[in-house]
Amino acid sequence: MVLLAICVFAPHFTAFGGSIARRPNVIVILADDLGYGDLQCYNAQSKIPTPHLDRLAAQAVRFTDAHSPSSVCSPTRYGLLTGRYSWRSRLKSGVLNGYSPALIEPNRTTLASLLKGQGYHTACVGKWHLGLGTKEPANYSQPLTPGPNSVGFDESFVLPASLDMPPYVFVENERATVVPSDTIADSQMRRRGGNGFWRAGAIAPGFKHVDTLPTLAERAERFVKRQTAAKPFFLYLPLTAPHTPWMPVDAFRGRTSVGYYGDFVAQVDATVGRLLDVLDETKLTDNTLVIFTSDNGAHWLPGDIDEWGHRANANWRGQKADIWEGGHRVPFIVCWPGVAKAGSASDQLVCLTDVMATLAELLDEKLPAGAGEDSFSFLSVLDGKSPTQPLREAIVHHSSDGSFAIRQGPWKLAMKLGSHGFSEPKHVEPKPDGPHGQLYNLADDPREQNNRWLAEPQIVARLSRLLADYRDRGHSRPQPE
């Protein structure tokens, strides 16, 4: 195996029964609002060419039943970095803004702190959207601590929130690179003939929305070029695209037949491709584990499907922010040369929260009680073999309006979690004699059209109890004694 190079780290054993003498570099790339159906390796009918991501998938394990813990961004980012569902934090639903205080609790284990403790050099480059500082509104003329560096990143270069939320400024190592002293008027969505949607507010002098993705890409490439084989690194690269504003650079305009959105996805694909090329150029590819995924489904409306003939969320029901599959079923590609079986696919149920437990097992590190409460390792399936038991008992989905769903096997139960227990989701028009929630069997009804709530009361009761149990006990992963 290519990973059997001499290294300063002592050999350890993996789930595959073989020793790996060198711990891999780790890159986690998180696209923003990229749909399951945008990538051609997931959707043969996609109208957007994605050659670089397709190439990555051909060298990797492609998970077909992977999910973000939430159907919107801040909760997913919290879940990915902490291995914990965000509804256990102060963020019960919705998202943060660019002036929100830090969401990740002090001293909580994160992917960055876990890997830093194992000797990794850690960096975050991209969209943070997890709050900065301790007060609201955050003061961008002062240090913005706590932030990325406070939760385990040795270096950081981030956008505070989404590219459509002020302030529009880069923050490096918890300090604004330029104080956002100017203001910008709002801009309308492309769907309405605008220049790309963003909200009015503070902006740093010289900041341009269209330059954001190229700037982040260049910073990520620069970080990788500085690394050597002497010390492993962890790069967390949460991209700002293809989230609004849809701002492809001129070189990508007209690349697709899906308008600004399709062209922006093509630019995301090329951004990933360039980073993969840098790994090749620096001869780091063979010892780098790359995970590519998205924070939730695409914000792609029925009218967009009609206009462009493209299904960004494939044939799944719903879109970003929904409790339906289109809101949280995401592409999830894991490439690890010599370990992950190239060109394979897994239908194992996994969640972005599972990255933490996977990396902990890879490093032979036991997660302590109170860390990674909702994280289950998928390391054992990377060799292409199917386990006799599911990797996780169940998974909890969460939408922007506070709706919850729990998935176990083929069954998915959706309901609204209220102050007095469970009641109907907002997506359902209540009827005096109708069901109080939704129950679907995704094996024979993947588009969630046939509500089985009334027909399967025992399954409703079982999944309701399990969801309540996960909520009340504070974890879904069994905790160490």
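Residues numbered from 1 in each chain as written. Predicted model: local features only at pLDDT ≥ 70, side-chain atom pairs only at ≥ 80, totals over all residues. Heavy atoms only, no water.

### Some words on the pattern of salt bridges
- Evaluated as defined, the whole model comprises 28 salt bridges.
- With a closest N to O distance of 2.9 Å, Arg77 and Asp295 form a salt bridge. Taken together, the residues span a long stretch of sequence, with Arg77 in helix H2 (residues 73-82) and Asp295 in the loop between strand S13 (288-294) and helix H6 (302-308) at a distance of 218 residues.
- One network of salt bridges, in which partners are shared, links Asp65, Glu325, Arg329, Arg407, Lys412 and Glu448. (Salt bridge = Lys/Arg side-chain N within 4 Å of Asp/Glu carboxyl O. Helix = DSSP H or I, 4+ residues; strand = E, 2+ residues; numbered from the N terminus.)

### Side note on the packing of helix H1 (residues 51-58) against helix H5 (residues 259-281)
- Between H1 and H5, the least distance of the axes is 7 Å, while the angle of their chain directions is 50 degrees. Taken together, the axes of H1 and H5 lie oblique to each other. In this structure, H1 uses Pro51, His52, Leu53, Arg55 and Leu56 to contact H5, whose residues at the interface are Asp269, Ala270, Val272, Gly273, Leu276 and Asp277.
- A breakdown of the residues in the contact of H1 with H5 according to their chemical character gives six nonpolar, two polar and three charged. (Axes fitted to C-alpha atoms, helices over the stretch in contact; angles between N-to-C directions. Parallel < 35°, antiparallel > 145°, perpendicular 65-115°, else oblique. Contact = heavy atoms within 4.5 Å. Nonpolar A, V, L, I, M, F, W, Y, C, P; charged D, E, K, R; others polar.)

### Here we look at the sheet that holds strand S14 (residues 332-335)
- Read from one edge of the open sheet, ten strands run S9-S8-S7-S6-S12-S3-S13-S14-S4-S15, paired in mixed fashion. Every interior strand has two partners, whereas the edge strands, strand S9 (175-176) and strand S15 (344-346), have only one.
- Both strand S3 (residues 25-32) and strand S12 (residues 233-242) contribute to a ladder of six bridges, which runs parallel. Residue Val26 lies in a different strand from S12, and its bridge partner there is Phe234.
- Of the strands in this sheet, strand S4 (61-63), S13 and S14 touch H1, which is tilted by about 60 degrees from S14.
- The strands touched by H2 within the sheet are S3, strand S6 (121-127) and S12, with S3 carrying the most contacts at an inclination of about 170 degrees. (Pairing = 2+ DSSP bridges.)

### Some details on the pairing of S3
- Of all eight residues that make up S3, eight are buried, and the element is covered over most of its length.
- Because side chains alternate across S3, one face comprises the buried residues Asn25, Ile27, Ile29 and Ala31, and the other comprises Val26, Val28, Leu30 and Asp32, equally buried.
- Sheet topology note: the S3/S13 ladder contains seven bridges and is parallel. Across the sheet, the residue bridging to Ile29 is Phe292, located in S13. (Buried < 20%, exposed > 50% of the residue type's maximum accessible area, 1.4 Å probe, protein only.)

### Some words on the layout of surface pockets
- For the largest pocket, the calculated volume is near 320 Å³.
- Taken together, 20 residues make up the lining of the largest pocket; nearest its centre are Asp164, Arg199, His243, His299 and Lys320.
- Space inside the second largest pocket adds up to approximately 230 Å³.
- Lining the second largest pocket are Ala357, Ala360, Glu361, Asp364, Glu365, Lys366, Leu367, Ser375, Phe376, Ser377 and Arg477.
- A breakdown of the residues in the lining of the second largest pocket according to their chemical character gives four nonpolar, two polar and five charged. (1 Å grid on protein atoms, 1.4 Å probe; cavity = no way out; pocket = protein on both sides within 12 Å on 5 of 7 lines; lining within 4 Å. Points joined across faces, edges and corners; volume = space filled by probe spheres on them.)

### A word on the side chain of Arg88
- Tracing the backbone shows Arg88 in the loop between H2 and helix H3 (111-116).
- Within the structure, the side chain of Arg88 is placed 2.8 Å from the backbone oxygen of Tyr470, a separation counted as a polar contact.
- Once residues within four sequence positions are removed from consideration, Arg88 is found in contact with Asp374, Tyr470, Arg471, Gly474, His475 and Ser476. (Polar contact = N/O pair within 3.5 Å; in protein donor to acceptor, adjacent residues only side chain to side chain.)

### Concerning the environment of Ser346
- Locating Ser346 in the fold gives a position in strand S15.
- Judged by relative accessible area, Ser346 falls into the buried class, the value being 9%.
- When neighbours within four sequence positions are excluded, Ser346 is seen to be in contact with Val61, Arg62, Phe63, Thr64, Asp65 and Val381.
- A distance of 3.2 Å separates the side chain of Ser346 from the backbone nitrogen of Gln348, its partner in a polar contact.

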